[in-house]
Amino acid sequence: MRARIILQWFSVGSLAAGVAVMASPGMAVEVPPGHTMLCVDGVPQRILVELADTGEERARGLMERDNLGEFKGMLFRFERPQPAVNGFWMFNTRIPLDIAFLDPSGEILAIHTMEPCTHSEPSSCPVYRPGASYSSALEVNAGFFARHGVTPGSRVRPANYDIECEPVKEE
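Residues numbered from 1 in each chain as written. Predicted model: local features only at pLDDT ≥ 70, side-chain atom pairs only at ≥ 80, totals over all residues. Heavy atoms only, no water.

Student: What exactly am I supposed to notice about the overall build of the chain here?
Tutor: On a plain count of helices and strands, the chain comes out with 2 helices and 10 strands. The buried share among the 171 residues of the chain stands at 41%. Restricting the contact set of the chain to residue pairs at least 6 apart, pairs at least 24 apart contribute 66%. Accessible surface computed for the chain: about 9300 Å², of which carbon and sulfur atoms make up 52%. (Helix = DSSP H or I, 4+ residues; strand = E, 2+ residues; numbered from the N terminus. Buried < 20%, exposed > 50% of the residue type's maximum accessible area, 1.4 Å probe, protein only. Contact = heavy atoms within 4.5 Å. Areas by Shrake-Rupley, 256 points an atom, 1.4 Å probe, with all protein chains shown as cover.)

Laid out in structure tokens, this is it:
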């Protein structure tokens, strides 16, 4: 019997957030509220990401976390494109992270590895900028993108809720 997928999508830009339940005999997977699943070119497994859609959620980000699961992350989504000079810092962030800046279609424009900032003043922390206008940003554990061969030009897209992400077929 084929898996039944029930989806309710709420679009923000080109990437969508979903509440989904995948059900088949003996199996049910639920995506928690405030999260979605993504596929990234080169990564065979779905990535469960928390959504940072509000100014408060984006400002807090992954601060004060002691760990992040291997295939987990945070997707920062913006209502309007962000200028190239806007970036991210690691104030009060305890774990090293990779960040990918995305255009509206999910293409990765730039990737940076960011180290925790131990300064007591946020203004003393380095700012990681993409050098191009961007619509969203994806943070995962440091080294994740390099381990999977993800580079600028790779794409991020909503998962189809299969167990693994299918490679994008070139036409």
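Student: Is there a simple way to think about the nonpolar core in this case?
Tutor: The tendency in soluble globular proteins is for nonpolar side chains to be buried side by side. Formed by 21 residues in total, the largest nonpolar core has its most connected members in Phe76, Phe88, Leu97, Phe101 and Met114. Of all elements in the fold, only strand S6 (72-82), strand S7 (97-102), strand S8 (108-114) and strand S9 (134-141) reach the threshold of two or more residues within this core. When neighbours within four sequence positions are excluded, Leu97 is seen to be in contact with Leu62, Leu68, Met90, His112, Thr113, Met114, Glu139, Val140, Asn141 and Ala142. One finds Ile47, Leu75, Leu102 and Phe144 within the second-largest nonpolar core, a separate group that totals 17 residues. (Core = buried A, V, L, I, M, F, W, Y, C linked by side-chain atoms within 4.5 Å.)

Student: Help me understand the pairing of strand S5 (residues 47-52), please; the structure alone is not making it clear to me.
Tutor: Working note: regular strand, side chains alternate between the two faces of the sheet. Taking burial as the measure, the 6 residues of S5 include 5 buried ones, the bulk of the element. Where strand S4 (residues 35-40) meets S5, 4 bridges bridge the pair, whose relative direction is antiparallel. Residue pairing in the sheet places Leu38 in a bridge with Ile47 of S5. The antiparallel hairpin formed by S4 and S5 contains 6 residues in its connecting segment, where Gly42 sits at a positive phi of about 90°. Pairing between S5 and S6: 5 bridges, direction parallel. Directly across from Ala52, in S6, lies its bridge partner Phe76. (Pairing = 2+ DSSP bridges.)

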